[in-house]
Amino acid sequence: MHEKIVEYVDSRREEIIACLKSLVDEKGGSENAPAVNRVGEIFCREFSGLGFGLEKFPDNAPYGDHLLFSNHDQEKAIILAGHMDTTFTSYKQLPPFHIKDEKCIGPGTGDMLGGLVVFLYAVKCLHALGKLDSLPLTIFINSDEERGSPTSRPIFEDLVTRASHVMISECGGPENEIVIGRRGKLSFDIHVNGVQGHAGNLVGKKASAVEEIAHKILAIEGLNSRWKGTDLNAGKVRGGIAGNTVAQHAILSSDIRYSYGDHEAEIRKAISSIVDTNTVEGCVSKIEITSERPLWEDSKNSVQQRYLVQQVEAAARELKQPFATEVRKGTSDANFFGSVGVSVIDGMGPIGFNDHSANEHIILESLFERIKLCSLVLLKLQDL
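Heads up: these notes are all about the structure in this document.

## Some points on the packing of aromatic side chains
And step 1. Going through the model one piece at a time under the given rule, you end up with seven aromatic pairs.
And step 2. On the basis of an interplanar angle of 70° and a centroid distance of 5.6 Å, the ring pair of Phe47 and Phe52 is categorised as edge-to-face.
And step 3. Ring geometry for Phe88 versus Tyr91: centroids 5.8 Å apart, planes at 70°, classification edge-to-face.
And step 4. Residue classification places Tyr91 among the buried positions, given a relative accessible area of 14%.
And step 5. Three or more aromatic residues joined by ring pairs make a cluster, and in this case those are Phe43, Phe47, Phe52 and Phe69.

If you want it as structure tokens, here you go:
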């Protein structure tokens, strides 16, 4: 059967490239809901033409609609999931979609419109081969992944109970790796309130929110050596009015990535202590959790998940493709499944580099290779 898959994909290379270009050209940054919804309309047309029903989740401001496609009425199904938003708030300094040598270049080619094209054409391939009707598939495409999936998370948590196996199409690794584990993530803002005033007319001590934020930056960064596999970053600071004013309010945005579940409670306790301890007299602080994704520990993967990895390896062998696995430092929506032991793999998209930058690109040939791989894996899971 893999020969027919190869024939199908290789005969549609230009069509596949044109599809990816149409998605990238919409310039669907996370907060540009109309553009993201135009991307969604492309998938609605494509999947409805393949016989899939659609459930749409609107009203996710400032994000676009989430889309859930299904071709079955069974309790359990194979789930394919990916996101159609890109991280970019402006496209002004970004290159248009183009191909140069072996690279397919453009914002979102890797993260992760290329991965959505992989899933679309894998499903189209099975449809062309007459294999789709006997394969229960649920396809979920969300619009807010780049912002931590704040409005789509409840949908993922529902899908956890309905999944037999899950594949996520973030970029594949540079050596064709698929992803079998990801670190946990906690993002938060620390809000500090001080006492405003004119810096030139101060009498006695000042209660500057900016000064207090400086102490908290040093405290957070000072935790970086405490836990193995944990990285903390004080990434963005806002506060004050001008150089001659005492800042009444300031905000610090931070991000934590951790590798071991045993450390999570200690990390949260340490952050709480930093928030509660105010060095500058007169300042008061509070924390706001802005996004989080649970840890997906590869060491705790289920028997079913290991079986899924074996099917990917077998498919890669038949197609004479390289195969390897990795645990990735970044997070994705795969964390929602892997953290509770659901059978999931990530990195089923094309090989990509320089995500979130003007140099974002994929290796063009890997786009076609991943479609072949995904198609064959789905066939192997058909009778499960």
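## Focus: helix α8 (residues 303–318)
Quick reminder: α-helices carry 3.6 residues per turn. Residues three or four places apart thus point the same way.
And step 1. When the terminal C-alpha atoms of α8 are compared, their 23 Å separation across 16 residues agrees well with the 22 Å that a helix rising 1.5 Å per residue should span.
And step 2. Every buried residue of α8 is accounted for by Gln305, Leu308, Val309, Gln311, Val312, Ala314, Ala315 and Ala316.
And step 3. Where α8 is buried, its residues touch β7 (163–168), β8 (177–182), β15 (324–328), β16 (344–345) and α10 (364–380).
And step 4. Following α8 by one or two positions, Lys320 has its phi on the positive side, about 60°.

## Examining unusual backbone geometry
And step 1. At the junction of Ala61 and Pro62, the peptide bond is cis and its omega measures out at 5° in the coordinates.
And step 2. Considering the arrangement of structural elements, one finds Pro62 in the loop between β1 (53–57) and β2 (66–70).
And step 3. In this chain, Asp111 is followed by Met112 through a cis amide linkage whose omega measures -10°.
And step 4. Positive phi outside glycine occurs at Lys27, with the angle close to 60°.

## Brief notes about the environment of Gly115
And step 1. Here Gly115 is to be found in helix α4 (residues 109–128).
And step 2. When its relative accessible area of 0% is taken as the criterion, Gly115 is described as buried.
And step 3. The sequence separation of Gly115 and His127 amounts to 12 residues, and the corresponding C-alpha distance is 19 Å.
And step 4. Sequence-distant contacts of Gly115, that is, excluding residues within four places in its chain, are made with Ser169, Gly349 and Pro350.

## A word on the nonpolar core
And step 1. In terms of nonpolar packing, the biggest core is built from 63 residues, with Phe47 and Leu378 touching the most fellow members.
And step 2. Counting residues per element, this core draws most heavily on α4, which supplies 11 residues.
And step 3. In terms of nonpolar packing, the next biggest core, distinct from the first, is built from 25 residues, Phe188, Leu223, Ala234 and Val275 among them.

## Here's the deal with the pairing of strand β6 (residues 137–142)
And step 1. Where burial is concerned, most of β6 is hidden: six out of the six residues are buried.
And step 2. Across four bridges, the pairing between β2 and β6 is antiparallel. By the bridge assignment for β6, Phe69 is matched with Ile139.
And step 3. For strand β3 (residues 77–83) and β6, the ladder comprises six bridges, and the chain directions are parallel. Paired with Ile78 across the strands is Leu137, a residue of β6.

## Regarding the side chain of Ser343
And step 1. Mapped onto the fold, Ser343 is located in the loop between α9 (334–338) and β16.
And step 2. Ser343 sits in the buried class, given a relative accessible area of 3%.
And step 3. Engagement of the side chain of Ser343 in a polar contact is seen with the side chain of His165, the distance being 2.7 Å.
And step 4. Those residues within four positions of Ser343 in sequence are excluded, and the remaining contacts are Ser164, His165, Val166, Ser302, Gln304, Gln305 and Leu308.

## Describing empty space enclosed by the protein
And step 1. As enumerated under the stated definition, the model contains one cavity of 30 Å³ or more in all.
And step 2. Roughly 40 Å³ of internal volume is contained in the largest cavity.
And step 3. As for the largest cavity, its lining consists of Leu186, Ile256, Tyr258, Glu264, Ile267 and Arg268.
And step 4. Listing elements by their share of the lining of the largest cavity, those giving two or more residues are β13 (249–258) and α7 (264–276).

The rules behind these values
Residues numbered from 1 in each chain as written. Predicted model: local features only at pLDDT ≥ 70, side-chain atom pairs only at ≥ 80, totals over all residues. Heavy atoms only, no water. Phe/Tyr/Trp six-rings, centres within 6.5 Å; stacked < 30°, edge-to-face > 60°. Buried < 20%, exposed > 50% of the residue type's maximum accessible area, 1.4 Å probe, protein only. Helix = DSSP H or I, 4+ residues; strand = E, 2+ residues; numbered from the N terminus. Expected span 1.5 Å × (residues − 1). Contact = heavy atoms within 4.5 Å. Core = buried A, V, L, I, M, F, W, Y, C linked by side-chain atoms within 4.5 Å. Pairing = 2+ DSSP bridges. Polar contact = N/O pair within 3.5 Å; in protein donor to acceptor, adjacent residues only side chain to side chain. 1 Å grid on protein atoms, 1.4 Å probe; cavity = no way out; pocket = protein on both sides within 12 Å on 5 of 7 lines; lining within 4 Å. Points joined across faces, edges and corners; volume = space filled by probe spheres on them.

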